[in-house]
Amino acid sequence: MIISKHFLFHSQFKYFPRVPFFPRLFCSHNPYINHDVEKVFRIINSSTSSKSLNQSLKSSGVFLSNTLIDGVLKRVRFSHGNPSHAFEFFNYCGNRRGFYHTAFSLDTMLYILGRSRMFDKIWEVLYEMRRKDRSLISPRTVMIVLARVAKVCSVRQTVESFKRFKKLVPEFDTGCFNALLRTLCQEKSMADARNVYHRLKHEFRPNLQTFNILLSGWKSKEEAEGFFKEMREMGVKPDVVSYNCLVEVYSKGRELDKAYKVVEKMRDEDIKPDVITYTSLIGGLGLVGQPDKAKDVLKDMKEYGCYPDVPAYNAVIRNYCIAKRLGEAYSLMDEMVNKGLNPNATTYNLLFRVFFWWNDLPSSWNLYQRMMKTGCLPNTQSCMFLIRLFKRQEKVDMALHLWDDMVEKGFGSYTLVSDVLFDLLCDFGKLLEAEKCFLQMLEKGHKPSQVSFRRIKVLMELTNKHEALQNLLDKMAFFGMHVPKCVDRPTETVDLDSLPVNHTFVTNHGPRRC
């Protein structure tokens, strides 16, 4: 069972930046900062050498503050900018006299390098940071590096990389050990995390966080019970997170009697079940085909002073969607709004999924309009359900409407959606529209896929639009992309079933559904 990455990242490790708090907090709303971030980002991507990059930065007139550098590196990360040039920029800033990077800049740079498998550069940065400001290397840094290593390397190599941090971090302690276990849970498997734990546990002192990491994500009740028992034997007292992990594993295993017994034990030990506890029970009841009883849990939890939140309602709505009782699902959405809770993208995706498999375009379109009207922006999964349905039913106007909304409001993955959109537009010979969408994507700083570009390139060559094609080629070069002349593989598509609606992740309060 793989634990969701984003929330694991933020559940324990936090930044303590050198720069003042308030300017960092509001920097995203500063138009001057945003303008300078975009300016520096374009310099990084358009430079052809280290020398030209340095000269362009010097002549830009932009003051390279910590806030701006954080913003630029974040822009490079999410726009998949040139990693080598970003590394040069990072070094250029770091080599200035009296300048120190923030923890955010360091970790973001390491993430960018790791994504591009530039592991030699990662260790170069870390050893330089040890010399200049060792305090910036934190357990979070350890986790970021190990996560990138674990994606492409073996467990043994990941553990070896972990041991290299002994000479880098200020304190090579349980926090770093927990970062390793967390990484293995995310990038490898729970079994790998278990094996490494038993091999290294005598070198560290496992704490409550250690066991909560190991408890989270097991499908096997035997494994979860084993760690819970070891936790007790080591004198570590379980908290609500620990018990929530047990409730989760029993609920997923459809052993609701045991799950309810754990809840009673929590109350006996004066540990108050929280909304996550009840959400797990709701999910378990859905698995055994009892959506109405799951809905009753929403009422029962209020009697214990625990009030349902959006994820709890989503769990009940999911049960009704599985049972194909969409009337009750819509009623619960209305109930959420009446109680001051706003349905989120996950709520809508539960319904989008049903409409997608029913091939129900009118219902999907009405739901999308309701979503936009209420101010809930679709996420990537929402967009993929819609664009694939538009392509299936050959609705070019609807597809372009969705794209215009994405460009205007900035939601969804341009790369994934554009692959399907360009296929649709090219199928109908809508070359002007495809070119316009392509340019909009580039102007937003998002890199199109090679597959999409090759499709448009072929059509432009067939229609003798050589100037327009050269314009696109020049703009693609901005991302450092090489465009091959032939198509040697089919278009890649996204399996919508591989994008789970009912996410489970770990927070400070245990396993959580969106």
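Owing to the predicted nature of the structure, the values given are computational and were not obtained by experimental measurement. (Residues numbered from 1 in each chain as written. Predicted model: local features only at pLDDT ≥ 70, side-chain atom pairs only at ≥ 80, totals over all residues. Heavy atoms only, no water.)

### Regarding the overall build of the chain
Heads up, the rule is: Per the convention used, a helix needs a DSSP run of H or I reaching at least four residues, while a strand needs a run of E reaching at least two, with both numbered from the N terminus. The cut-offs for exposure are 20% and 50% of the maximum accessible area for each residue type, with area from a 1.4 Å probe on protein chains only; residues under the lower value are buried, those over the upper are exposed, and the others partly exposed. The Shrake-Rupley method, run with a 1.4 Å probe, gives the accessible areas here. Residue values count only the displayed protein chains as cover.
A count of helical and extended segments in the chain gives 28 helices and two strands. Across the 514 residues in the chain, those meeting the buried criterion constitute 53%. Here the chain displays about 24100 Å² of accessible surface, and carbon together with sulfur accounts for 51% of that area.

### Focus on the environment of L431
Condition: Note on definitions: a residue-residue contact is assigned when non-hydrogen atoms from the two residues lie within 4.5 Å.
Within the element layout of this structure, L431 appears in helix α26 (residues 431–443). Owing to a relative accessible area of 8%, L431 belongs among the buried residues under this scheme. Once the C-alpha coordinates of L431 and K465 are considered, the two residues, 34 residues apart in sequence, prove to be 9.9 Å apart. Discounting chain neighbours no more than four positions away, the residues touching L431 are I456, L459, M460, T463 and K465.

### Comments concerning unusual backbone geometry
Phi at R117 is positive, roughly 60°, even though this residue is not glycine. Structurally, R117 is set in the loop between α7 (103–115) and α8 (119–133). For R117, a relative accessible area of 57% corresponds to the exposed category. The phi torsion at N359 lies on the positive side, around 60°, for a residue other than glycine. Note that N359 resides in the loop between α21 (345–358) and α22 (361–373).

### Thoughts on the packing of aromatic side chains
Heads up, the rule is: Stacked, tilted and edge-to-face are the three classes assigned to paired rings of Phe, Tyr and Trp, where Trp is represented by its six-membered ring and a pair needs centres within 6.5 Å; plane angles under 30 degrees give stacked, over 60 edge-to-face, the rest tilted. Both a distance and an angle decide whether a charge sits over a ring: NZ of Lys or CZ of Arg must be within 6 Å of the ring centre and within 35 degrees of the ring normal.
Counted under the stated rule, the structure contains 17 aromatic pairs. Ring centres of Y197 and F211 lie 6.0 Å apart, and the angle between their planes is 65°; on these two criteria the pair is classed as edge-to-face. With a gap of 14 residues between them, Y197 in helix α12 (residues 190–200) and F211 in helix α13 (residues 208–215) connect regions that are remote in the sequence. Each member of the pair, Y197 as well as F211, carries the same accessibility label: buried. Put simply, the rings of F162, F172, F177, Y197, F204, F211 and F227 touch in pairs and so form one group of aromatic residues. Above the plane of the ring of Y304 lies R267, whose end atom (NZ or CZ) is 3.8 Å from the centre.

### Side note on the nonpolar core
Quick reminder of the rule: In this description, a nonpolar core means a group of buried Ala, Val, Leu, Ile, Met, Phe, Trp, Tyr and Cys residues linked to one another through side-chain atoms lying within 4.5 Å.
F89 and F165 are the most contacted members of the largest nonpolar core, which totals 164 residues. Residues within four places of F165 in sequence aside, it is in contact with W123, L126, I137, T141, V142, V145, L146 and F172.

Distances and angles like these do not, on their own, reveal function.
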